[in-house]
Structure formats: structure tokens, C-alpha cells
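Results of the structural survey
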Amino acid sequence: MFVSNAPLSGLPAQLRGTGQTAGVGFRNSEMNFYHSYASINQKLVSGVSLHYGEGEASILPSDPRLLRIPRIGVYAGSGTSHSWLWFVELFDRMLFHDLVFLTEDMVKEGVLQDLDVFVMSGGDTVRIAEGLGRQGAGELESFIRGGGLYLGSCAGAYLPLKSSKQYLDRFNFVDIKIANVSKTRPEAKRLESKAITTYGCNYVYHPVREDVRLWITGREPFTSVESLRAPLYGGPSMVTVRDSDVLAYYQGFTEKTLFLVDESLAEKTLVGKVAAARTAMGDGHLYLFGPHFEHPRFPTANHLVATAIFWDMKRETINRKSSDGEIILEGTAKKKLILDIKREISNARIVSVGLEAIPVKWIIGCKTYEPEKIRVFLEAMWKRINRLERSRRICLQSGTGEQVVAHACQVRQILREMKSRIDDHLDTQDLAVDLFNALRRLTMLFLQFYFNSFAYNLELDS
Amino acid sequence: MDYLSSNKILIVDLETGQISEDELDDELVSQKIGGVGITTSLYETYQDRDPIILGAGLLTGTLFPGSALGVISAKSPRTGHVTHSPFTLKAGMEFKYTGFDYVVIVGKSKKPVFLWLHDGVADIQDASEFWGTDVWNTTDSIRKSMGDDLIQTLVIGPAGERGSDLAQICVNYWASGDCWGFGKVFGEKNLKAVALRGMGLLEISDPEDFVDQCFEVFETIKGGAFAGKSGVEDILTAMGEKDAKEWIAPFVHRHSACYNTPYPTNTFIYLNENPKTLTEPTEQEPGFLINDVGALLTLKRAGLSAESACRVLKACAKYGIDPSAVAELSARSGQKDPDKIEQSFVDLKGTVSAPEGGKFSSWAPMQPLFADFDLSDESAYGDWWVRRQALAYLFGIHPIFANMAPELSEELMIEMFNKGTGLDLSQETLDQAIADVCL
């Protein structure tokens, strides 16, 4: 492993030192980030008026505006990997509860206009762009120009950058360029499928994976942190036209950094390049994060995501659509539904744990999927089932419960078929495509009703 | 019950298909501890409905050495009394993590079923396609259909389906400590198997102290009297069968231990392939796991070759019949041909000896192994064995291992109970709990 402490000429002074970093283990102060935002959200649900930078909201920069509960859309449509679940974890820890999980069709249908914030995490950028299409691009542009906040991480950061590539050329929203692109194919030291992908006539390469060190420029709203760590899993290093757009630079590497290309090329590609940027478009803003600031092991980075949400969420209050069709389940009906879901997810989880002992992987689009990724989806639901079991009531759209059970059954069936075929040494590529689509759809539906119930009970309690 | 427990007692009515749950009360644990203490209490509660109770010991599935034991309690078709049978390998541990501490099964299903316990969910599933198949095929079919090779099964074969008093509930593919005919009880209920898988967690009241103590005990115990010994053959030698090791040596492939048990009580032998092979077996069924010391000893003393004895044991496990009973009846008849012994399974009847004390399985030899436990002479073995087995069945300790580790004292068990549960167990209460289950 390479830890860069060497002086780096030509860089701002802050980029030369090791700086104080965060992200390894949770200190009390880091856990306080979650408590602070949870407290803000709880107060807001209770109807308490809060100003930025005051009282409960002293974790945020000062501003005379009043805080309000953000309505956040999480993109989980085609092309996404599993990292949107990291945003979910962040929101759950911080009690952001007004969430909408979106497919490409929902974006095209105009659901973005009901949101304050739209988050787009990792995956296959081209497939995401293809799925959203021209109509989705138009909706997204209209949302941001109308004052909405776009948070893009990894693939979500690539999406609005300048590109002439098919599908991506509809999303040329910002004047920021990709730095980790090359006309010649760099040599991969390891994990070639993750290190380099073709990009038109060029190659996008990912010099390192895992933790990197970042220097925070101190521009609003990221005024409370000087440096931090965050994990990089294929996200961009960027070059901006205006310095004023830069929130964070790549500063160096850590003992956990895994080099996929030559170390000197990694340093040249990353260090001193933009890791996080904030830029305006119309009345709205885009935040682009190369590393995954939303990753659950990095509370300080999570804190900055939450800060961005409150700071640049849509300023005008949106007219929320009425919750027609919502039903409340309690007693035996609630218990039966939760048990039906739990049964299927448990069955699926048991098979998926067994698959992890088998050396198998699938390539879908330009992404490699290992069996471990199956359980990321299943665990995201499993860990939340207890909470639904304990709550007296759950709140969901009519028919959603049956859909969740049906999708969970489908996932369980595919997994068992997959295990059987693997035992018989048969190909499972087609099943893997079906499985990850079904898992994504199931997890979306489940989390939607989890957060609806969570919001309902939160409002009821307050 | 917050600690060392899932806080759930499951009640399954096979007649109506209804499943319900009760909480495990702290008071019950304070008085009855766990394992047979509570299965006995539950038996008394549901005795009008001919229940069969599954349970785990208080320490089962923890880091405490030997904590591998699960318990089945029911009225024995062979004695007419409530008796207890151990199940080990990985099944006791797996049961503990299914999300249920105890399972009460009452009534008779109209059609063959198996009970699938997983992560706090209990499902009664159709077993029509498994009915009529042997133990090995049933376990394979259940694992295949559920998509997981780690599922543990308590399963009956044709002996249980046909109502033989000698029928045994097997564990996965192998024999168990069921010397009471519980396989017949499963069969009468049309219950082909109980399949177990759980990925739950256990909370511990004082986790740091508890875990530290487990490691300390382990360090002390591993240099004990059984150090350097392994498998059924060394147990047989300790029981006075001096040539046992030499007798079976040509077939021994490896030894294996039950969950977290420092002594490997099981010997895997190869019958259809060279046991010295270091590669994956080429045969589908290369061998067999011997875990019934008593059965092997009886067959040896009856004059069978090691290979013949092992073939008989393998046939017993597939058919789901108590190998100790088969060995005793075969020895009595003078039959030494394994094929003929296997052919006799269908009509095999006869009275076989039950252990003195009559509650706990004779699967655990009725004497100390390797260590002397400060017993004056053999006349003291009977009372010692009953109390030792009661202790093992309450706390979830492997019952054969309990007989070779004097370090696992009653004082230590009380200490682990208190650290693990946060409750306060005294020697008087332990004495009473032991007395209650030995009555």
C-alpha cells in the first residue's frame, strides 16, 4: 500500500500535508453528526421553527432562512448498482424520512417536479442515461433550473458532465470535464474489469479504489470540515472552469488505498484534481461527488451530504400531492404482511449467503456483479424488518404490500434456481440479469413503504 | 428473556396448521435454566396433545466449549415415559439461531409435512414427495429445494414412517442420540423432518466477561485429559476396548467435531474409496460418519469386522433406525452379515436395554472418559452419569464431551449462566432443576 506524504510541488499548501482525517472507525463527534441531523428532522416534524446555524441547526452554516423538511427523490432505476442504498442508510440514520424512490419511468412522468432534492448514486452511467432518455434529461434539467438540487455521486457525478457520447450527450448540464480519461489504454495493475472502461474512442480509467484523502476548500456550505476521507469506487476526478465551483480536491492516498494503475499515474490523475464540486444551473444547483460521500462508513462525508441538502434544497415550498390511496395496516393484517415479507426475504437471504462461498460472478453492462452484492439489497431490507415488526401501524399505498410479497417470492425463486443451476454447472447469466432487476424493484418498493410508515409514525408521535 | 435467547417459544399444531408464539419468561429460565428443564416443563403443559418438544440448552451456540447440544423431549414409544434425546453436529447450534428457543409440536398432520424453521419464521411445508425416501435422500432433497447446503435436518427414514419402535430421528445423514424411538413419534405425526437454518444473533448480558471466560475455559480444557486423542476409536479405547483403534484404522479418513466441541467425537470412514486419499472423493457416497460409540462397540464385540460394522451403521442411518438397538438385536441373534442385518430392518422388533436412570440417552457412555472425575469406584458411575447428563442437557453441552471434561464444573456453569443472562442462579436452584428433570 502507498501512503502519500511526500511534498507535492505546484499544489496549494493544504494539499501537501496529511491534514486531520476522518472516516476510520466512528468517534463520538462523528456519531454526533447523525444525532444532530436526526434532531433537526425530528424538530421540523414537530412543527418547531429552526433557523440555519442556530440551536438544533447549529451544525449548519448561518443563514436567515427557515429550515424545512426536504422531499428527496432517490434514483433506483435501470443502470444503478447498489450504492443508492448508501444514501438510504444515511437518510435513515439522520431521520430524513420524506423519500421517494424513482425509476426512469417515474422521472419521465414528471415526478421530479414534486421534489426538493434528487440523488443519483453509482452504477453504469451510460445505462442510466439511456434509461432516462431525452425525456428524462429534459425533466432533470427542468427540475434543476426550477430550483431543485441534484446530488450526483460516482456515476451520478459523471452523468451531467460534458460528453459527446451517445445518450450522455443529452445531459451536458455543467462545464466540468472528466480528468480520468485517456486516448491510450493505461495498463491495469489489478482488477482490470474495474480499472478501465471504453468511453467512445477513449478510455475512462479508475486509478484507485477504497479510501482517499480529500481537502475541503471551505466554500459554503462546506465550512465546518478541513479534510476527510471518502471511498472512491470508479467516480470521476474533475477539472472545473471556475475555482469557485470547487468544494473538495483529492489530496492523497491512505493505507487503505488500492492502486489499480501505476502509482505515479494515479497521483497525476487524482491529486490536485476536483473531488467535489457545486455549481448553479438556473435557480438550482448540482453537487458532484467523485468519491462516495454517502458511504455509511464515513460520517464526516455523510455530514457534508446532509449539509448540502439543507443548504441548496429547493427554496420554494413545493405543493405536495395528496396521499390518496394510502392505507394504514395494524393488528393481524399488519402482522401477516410483515411475516409474509420476512419469510421470503429470509429464504432469499439464506440462499444468497450460500452463493457467497461459490466462485461465481456476472458481467451486466460494464459492471461486474459478485454474489456479495445480492445480500447488500437483502440486508437493506432485513435490517429494517424488525422496525416494521415493532411498529404498531404501517402505511403504504394500496396494493404495495402484495407487490412486495410477489417480488420477494420472485427473488427467492430466481435465487433457488440459480443455486440449482450452479450446482449442475450450468450458466446463470440470464438469471443474474433478472435477479438484480427484481432485487432493485423489490428493494425500492420495500423501502418506499418503510419510509412511508416511518414518516407516518414520526408524525403521529409528534 | 433478553439474553442467550430469541425470547420465543413456538407452538405448531400439525392438525390445524396453526402456528403461534409465546415469550420465554425470565422466571421460567431462573427456575428451569434451559434445555431439558424447559422442554420438560413445556411437555407437562401440552401433555394432553402428545407433544414432541425441541429445545436448545442455555449455552448452546455460544463460545462456551462443547455448546453443541439440542434436545428432543417426548414420550418414548419404547418406555412409555418422557425421555430426552440429544442432537449435535451443527444442528443444536443451528436450532438456537433459528429464532426460536423451544418448539412444541402437537397434533397429527393429514399429509406428510416438514417444518422449516428459519430466522424467526416457521413454515409447515408439504413433504409428500419426500415420504418414502431414506434419510440421505430426504436431506439432499430439502437442501436442494431450499437452495442451501448448510440447512440442518432432524429427519426420519422408512423406519419412522412404518411406525417401528426402533425408529430414530437422524441428524442430516447421520445417527443421533435418539434411543427412544422418537422417529416413530415423528412418523405418527406425518412429520418427515424439521429443517433448521438461522442467521440470528444472541445477546449476552455481560458480553466481555462471558467471552473472556469462554476463551479461558477453552485454554484450560484443551490441555486436559483428552489432549492428543480423537474420534470414536479413542473413546472405545478409554472404555477398555484396547484394540479398537487398530481394528478400525484401515478405514479412518478423518475426525470431525460437533459445533465448538474441543474433542472430535465423530470418525469419518471411507468404505468405497481409499481412506488415505487427499483429493475430493470420486464416489458419490465414499463413506460414513460414525458418531454412535455404543453401537460400534456392540457390533465389534459381536465379532463383526470393522468394515461390516460400518456398513451396518451406514444402513441404519439411511433407514432411520437406532443403530444401538440394531447392534444389540443382531448380536443377540448371532447375525454378522451386514446385508442380512439390513434386510431384517423392515420387521425388526425386540426389547433392547434402556439406560439406567431412564431419562437420558445411552448415546453418551455411562462412565467417565479419559478423566477420573474423582469417583471412588465404578459403583459411583450411575448416579454421577445421571447428574452429569442432566447438567449437559440443561446447559446445552455435548453429552459425550461432558463426560471427558471435569473442568466444566457445576460452579462454572452457574457462573456462565449468571454472566450470560444477568439472572442469579444459585447451587440450590441448580440442584432443584436437576432433581426435577431426573424424576
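What counts as what
Residues numbered from 1 in each chain as written. Chains lettered and ligands numbered in written order. Predicted model: local features only at pLDDT ≥ 70, side-chain atom pairs only at ≥ 80, totals over all residues. Heavy atoms only, no water. Phe/Tyr/Trp six-rings, centres within 6.5 Å; stacked < 30°, edge-to-face > 60°. Helix = DSSP H or I, 4+ residues; strand = E, 2+ residues; numbered from the N terminus. Buried < 20%, exposed > 50% of the residue type's maximum accessible area, 1.4 Å probe, protein only. Salt bridge = Lys/Arg side-chain N within 4 Å of Asp/Glu carboxyl O. Pairing = 2+ DSSP bridges. Axes fitted to C-alpha atoms, helices over the stretch in contact; angles between N-to-C directions. Contact = heavy atoms within 4.5 Å. Buried area = accessible area lost by both parts, 1.4 Å probe. Polar contact = N/O pair within 3.5 Å; in protein donor to acceptor, adjacent residues only side chain to side chain. Nonpolar A, V, L, I, M, F, W, Y, C, P; charged D, E, K, R; others polar. Domains from an automatic or database assignment.

1. Structural notes on the packing of aromatic side chains
Residue and element names in this part refer to chain B. With the rule as written, the count across this model stands at 39 aromatic pairs over all chains. Note on tryptophan 174 and phenylalanine 288: the rings are 5.5 Å apart at their centroids and 80° apart in plane angle, and the pair reads as edge-to-face. Highlighted residues: tryptophan 174 in the loop between strand E10 (170–171) and helix H6 (182–188) and phenylalanine 288 in strand E14 (residues 287–290), separated in sequence by 114 residues. The buried category is assigned to tryptophan 174, whose relative accessible area is 14%. Phenylalanine 288 sits in the buried class, given a relative accessible area of 2%.

2. Structural notes on the pattern of salt bridges
Close approach of charged atoms lets side chains of opposite charge pair. This structure, assessed with the given rule, holds 52 salt bridges over all chains. Taking the shortest distance from any N to any O, the salt bridge between arginine 68 of chain A and aspartate 116 of chain A comes out at 2.8 Å. With arginine 68 of chain A in the loop between strand E2 (63–66) and strand E3 (72–75) and aspartate 116 of chain A in the loop between helix H3 (104–108) and strand E5 (117–120), this pair connects stretches of sequence that are 48 residues apart. The exposure classification of arginine 68 of chain A matches that of aspartate 116 of chain A, with both residues buried. The salt bridge partner of lysine 314 of chain B is glutamate 285 of chain B, with a shortest N-O separation of 3.7 Å. You can see lysine 314 of chain B sitting in helix H11 (residues 306–319) and its partner glutamate 285 of chain B sitting in the loop between strand E13 (266–270) and E14, a full 29 residues away along the chain.

3. Section: the sheet that holds E13 of chain B
Residue and element names in this part refer to chain B. The sheet built from 3 strands is open, its strands ordered E12-E13-E14 with antiparallel pairing. Each edge of the open sheet carries a strand with a single partner, namely strand E12 (252–256) and E14. For this sheet, the mean inter-axis angle between neighbouring strands, taken without regard to orientation, is 20°. Relative to E13, E12 is paired through 4 bridges, and the arrangement is antiparallel. Directly across from histidine 255, in E13, lies its bridge partner threonine 267. Along the sheet, H11 makes contact with E13 and E14, crossing E14 at roughly 85°.

4. What about the interface of chain B and chain A?
In this complex, chain B contributes 16 residues to the contact, which on the side of chain A involves 16 residues. Buried area between chain B and chain A, summed over both chains or domains, comes out near 1,300 Å², and the portion from carbon and sulfur atoms is 50%. The largest per-residue losses of area from chain B upon contact with chain A belong to Asp119, Lys144 and Met199 of chain B, which jointly make up 35% of the total buried on that side. At the surface where chain B touches chain A, the tally comes to 4 salt bridges. A salt bridge links lysine 144 of chain B to aspartate 424 of chain A; its shortest N-O distance comes to 3.6 Å. At the junction of chain B and chain A, the tally comes to 7 residue pairs in polar contact (both at pLDDT 80 or more). Broken down by secondary-structure element, the contributors of at least two residues to the side of chain B that touches chain A are strand E7 (113–118), strand E8 (121–126) and helix H4 (135–146) of chain B. Along the lines of polarity and charge, the residues of the side of chain B that touches chain A split into 5 nonpolar, 4 polar and 7 charged.

5. Remarks on the domain arrangement of chain A
Residue and element names in this part refer to chain A. Along its sequence, chain A is organised into domain 1 (16–312) and domain 2 (326–461). A C-alpha centroid distance of 26 Å is found between domain 1 and domain 2. For the pair domain 1 and domain 2, the summed buried area comes to about 2,300 Å², and 63% of that belongs to carbon and sulfur atoms. Looking at the side of domain 1 facing domain 2, the largest losses of area belong to Asp92, His97 and Phe101, adding up to 23% of the total buried there. Counting across the domain 1 and domain 2 interface gives 4 salt bridges. A salt bridge links aspartate 92 to arginine 387; the shortest N-O distance between them is 3.4 Å. At the surface where domain 1 touches domain 2, the tally comes to 9 residue pairs in polar contact (both at pLDDT 80 or more). Contributing elements (two or more residues each) for the side of domain 1 that touches domain 2: helix H1 (28–45), helix H2 (84–93), strand E4 (99–102) and helix H6 (192–195). Take the side of domain 1 that touches domain 2: its biggest share by element is 5 residues, from H2. Within the side of domain 1 that touches domain 2, the residues separate by chemical class into 11 nonpolar, 11 polar and 5 charged.

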